[in-house]
Structures are given as C-alpha cells and as structure tokens.
Amino acid sequence: MLYLISSLLILAGARAHTCTSSLTPEYLIIGGGSAGTYTAIQLHDLNKDLLVIEASSILGGHANTYYDPLSPALQNVGVQGFHNTSITRQYIERLNVSLNPEPWGIYDTKNIDFVAGVEVQNFTAPPFTDVVTAFRKFRTIASQWADFDRGWQYAPSPIPSDLLLPFSDFTMKYGFPEVLQSIQTYLAPVELWKEPTIYVLKNFGLESIDAYLETISGHGYRPRDIFEVYTKAAAILGDKVLYNSTATTVTRSSKGVSVVASTPKGTTCIQAKKLIMAAPPLLYNLRGWELTPMETKLFGKLKGKSSQIAVFRSQNFDGKRYYGVGPNSTFGTPNLPGITDIIPTATTDKTWFSFTDSISPSTISQSQTLFKSQLKTLQGNGAFPKGEFEIVKWFDHKDYMCYVEVEEVKKGYYVELMALQGGKNTWFTGAVWAGQDSSLIWNFTKELLEKILKA
C-alpha cells in the first residue's frame, strides 16, 4: 500500500499537489474516535486495505482515562461504560480488553448551584426506588421505538408530536419525571426543560436504559480502563493510521476519492476507492472538501455543544462530591453553561475530575475561564474547600451532542441526511448519525459497513 517518492505530482480534482508520499488504500477513514476505530478494526479483520487519518496523536476521541502518577490506579473521566450487547461484547472481546472496573465510588455529596456559586440546602433528590420505577416506566414507553437505537434511519416517520415535546414535559405527561436528574448527568450538556424528546430518545433509548439499570444493580459492562480499547486497537492497526494529520483537500466522484493530507512527514496524496467520514460533519471539519449543494445545506445546519473535563487538585482535598443542581428547575437539573459535577478520582493523588458544559460551542480557554471563575466563587461563598487549585489535565470534548433545531427535525432533516450515504463513494458514521454513545455508534457502523462492502 505504501510507496515513497521524493517528489510526485498527483491530480486531485483540478489541482496539482507536490507529494512526499503516495498511498492507495481501498478504504480511507477520516477520524479515529469511536466510529473510525471500530470501522478500521472491522475492515482490518476482513483483510481489507485501509488507512485512517487522525488529527490527534492518539485514537479514542472522547474515551479519556486519567492515570495516577503515584500508583497503578486510574480514573475513566470520559466514556464511563458500554452496553451489554452482542455487538459491543464481540468488539471488546476481540480487542482483549479487561473487564475488571474500579467500583463506583460512594461519596459524601454536596448539592451545588454552580451558576449561583452556593450550596443548595433545601434540595431533596427523588428516592432511589422511585427513580428505578420511573426508569422502568420510561423503558416501557421507549420500547415502541426500539429500532431507533440502530440509527436515525429507524426514526419513526412521521415523527410523533410527543417526541417533539421538551423532554421534561414528556416525562411529566407520562409520569416518570424522576429520571430527569440521572439522564441530565448521563447526557450533559443538555437542558432537559427544552431538549426535544426525540434527541433524548436517540442518545438515551432502550439500550441505554437497560445499561443504566444494569449499572445501578452493580452489573454494568465496564472495562477497567476505557482507553485500553484504543491502545489495543492502535497496536493492531499500526502504520495504517496517520496521526497528527488532516485532510486538506478532498475530491470525490463515482470513480473514487482523491485526498491530500498534511502529515508530520509532509504532504501525502491518497487515492482510495471508498471514503468513510467518521468525524463530526460540521462545516469547519470539511474545509477543503468539494461538497455538493445538499451536503453544504445539511451540514451547515448542524450545531455542536461542548463538554470539557478537568482533572484538578486543591490544597485542601476533602474527598467529597459536588453535584450540580438547579434549585428552581424540574427535579433539580443544573443550569448551563457551567460546571455540572465535581467527583473525586479513584486515584491516590487527591484529585477531582469535573465537567464544564455548554449547549453552544466553547473553546478550551473559554471553558477554563468559566471553570476557574465558578470554582473561586464557590470558595468565596464557603461551598468548596479554600486554597489554591491546579488543573492537572484537561480533556476537550468539542463537537459534542451535535443537533439541528426541532423545526428542521419536523421538516425531515434526518431523512435527507441519511440519503447522503454512498454518494460519490462516501459514507458517514459517528454520533451525528447514531447517537452520542459508543455502543450506539458501533451498532450503526456495523450495519453501515455491510452496505459499504456490498457497494
């Protein structure tokens, strides 16, 4: 597949590029997160010729693990677990990933309004038994759309008006609002008082409900180290991944795909038969692509949210959890933008990990400024231990929970989006198509790959 040339001119569309190397895979995958890595491993196991272009230095996307510098202990701070389904089990077992997770922590917890910067004294969460009963009721309702777990192609059509309601209204209508706080924690960043039910169902449907009920019963399907999925995959794929690389020009036709990639070793020109886009299809991620008018229209309507994760330490670590609530919201869902949770890590170095969420895009700098400001306000109000704090590690989850406005959903946006599959030898996978959940992404990608292989 690989051959090096000191200087080669390759025609990509109408442009000539000077290439330091040239590659000719059958399948080109852009993005090495959950979707792209799963795609690459499946193709590898079928002995297909493939190549992955990954913008960062590692695979994994939102699967982040913090490793204790003082001991073998670790803390999963991004993805927390998977669904106990056949597709997920086959993948995890194929990668030989250990399933001996650290036990869930039991913490002394303070309820915090992070926006106001105060402890909430008069908030009482629903009793645990009521929450479990509510989730079972939600499961019964969600079961009528069970296929929706497999991707937007299985969305009900036409979409029932109930699924266009804000989710908090939907739960009140059908009598299970006790689920709101738990789902807020799982799905953040969302504002459930206005999040359309169709999006909650896509990202937290039947499989997710079952996974939640398994987890609270002590039987969740969790690797000890979530990131091990990606270190094992990287070892298998080897030089089939171009790290720290981006596709700067993408030209597609019915005959194949021409891509010019910027890599640490120079400009690599790639001729592939099929392209699989596994990164969020926001327009800024598609710079250099020769998009069709329909692609430009649809991708231009997508918006991303932000969930930023800090691992930090303080001079006066107290081992408590600081849990975000909104005292005036339905069942205490926290207000955004801002910190939504601060949790002690399972490591020995006296650190917390926390989430700073926004329903609109937020840069690392903006999120860190907000995080520091809210933490200092808490300290000033005596709601968090005083003293200097230090950010040890920061994980950037941008382009998260991408969506379009509910009016676009009503007009058939996702029907048009799914119709793009296969055009100009290009297929798309990832959270936009499947839901913001690794197992849902693997469900969708497995089915999509069957179609790609037949094309």
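See the structure printed just above.
Trainee: Looking at this structure, I do not really get the packing of helix α3 (residues 128-142) against helix α7 (residues 206-216). What am I missing?
Mentor: For any two helices packed against each other, the geometry comes down to the angle between their axes and how far apart the axes lie. Running from N to C, α3 and α7 point in directions that differ by 155°, and their axes come no closer than 9 Å. If you check the angle between α3 and α7, you find them roughly antiparallel. Every pair of crossing elements has a handedness; the one defined by α3 and α7 is left-handed. In this structure, α3 contributes F128, V131, V132, F135, R136, F138, R139 and A142 to the contact, and α7 contributes L206, I209, D210, Y212, L213 and I216. Looking at side-chain class alone, the contact of α3 with α7 contains 11 nonpolar, no polar and 3 charged residues.

Trainee: Looking at this structure, I do not really get the state of the cysteines. What am I missing?
Mentor: Defined simply, a disulfide is a covalent bond joining two cysteines at their sulfur atoms. Scanning all chains against the criterion turns up 1 disulfide. Here C19 is linked by a disulfide to C269, with a sulfur-sulfur distance of 1.7 Å. Taking the torsion about the S-S bond as the criterion, the C19 to C269 disulfide, at about -60°, is left-handed. Here C269 lies in strand β12 (residues 266-272) and C19 lies in strand β2 (residues 15-23), a separation of 250 residues in the sequence. Of the two residues, C19 and C269, both sit in the buried class.

Trainee: Mind showing me how you'd approach empty space enclosed by the protein here?
Mentor: One water molecule sets the probe size; rolling that probe over the atoms shows where empty space is left. The full count for this structure, using the stated rule, is 1 cavity of 30 Å³ or more. There is about 120 Å³ of room inside the largest cavity. Lining the largest cavity are 14 residues, with Y199, N203, M401, C402 and A431 sitting closest to its centre. Elements with a minimum of two residues in the lining of the largest cavity: α6 (197-203), β18 (389-403) and α13 (431-434).

Trainee: Explain the side chain of T351 to me, please; I cannot follow it from the model alone.
Mentor: Relative to the elements of secondary structure, T351 occurs in strand β17 (residues 351-358). Judged by its relative accessible area of 0%, T351 falls in the buried class. Side-chain polar atoms of T351 contact the side chain of T347, separated by 3.3 Å. Polar contacts involving the side chain of T351 include one to the side chain of D349, which spans 3.0 Å. With residues up to four places along the chain from it excluded, the contact list for T351 reads Y66, V311, F312, R313, F317, I343, P344, T345 and V392.

Trainee: What should I look at first to understand the sheet that holds strand β3 (residues 27-30) in this one?
Mentor: Strands in a sheet are paired, the pairing made by backbone hydrogen bonds, and the direction either parallel or antiparallel. The parallel open sheet is built from 5 strands, whose spatial order is β9-β4-β3-β13-β19. Either end of the sheet is taken by a strand with one partner, and the two such strands are β9 (241-242) and β19 (426-428). Inspection of the sheet shows β3 paired to strand β4 (residues 50-53) by 4 bridges, in the parallel sense. When the bridges of β4 are listed, L28 appears paired with L51.

What counts as what
Residues numbered from 1 in each chain as written. Predicted model: local features only at pLDDT ≥ 70, side-chain atom pairs only at ≥ 80, totals over all residues. Heavy atoms only, no water. Axes fitted to C-alpha atoms, helices over the stretch in contact; angles between N-to-C directions. Helix = DSSP H or I, 4+ residues; strand = E, 2+ residues; numbered from the N terminus. Parallel < 35°, antiparallel > 145°, perpendicular 65-115°, else oblique. Left-handed = near helix turned anticlockwise from the far one by under 90°. Contact = heavy atoms within 4.5 Å. Nonpolar A, V, L, I, M, F, W, Y, C, P; charged D, E, K, R; others polar. Disulfide = S-S within 2.5 Å. Buried < 20%, exposed > 50% of the residue type's maximum accessible area, 1.4 Å probe, protein only. 1 Å grid on protein atoms, 1.4 Å probe; cavity = no way out; pocket = protein on both sides within 12 Å on 5 of 7 lines; lining within 4 Å. Points joined across faces, edges and corners; volume = space filled by probe spheres on them. Polar contact = N/O pair within 3.5 Å; in protein donor to acceptor, adjacent residues only side chain to side chain. Pairing = 2+ DSSP bridges.

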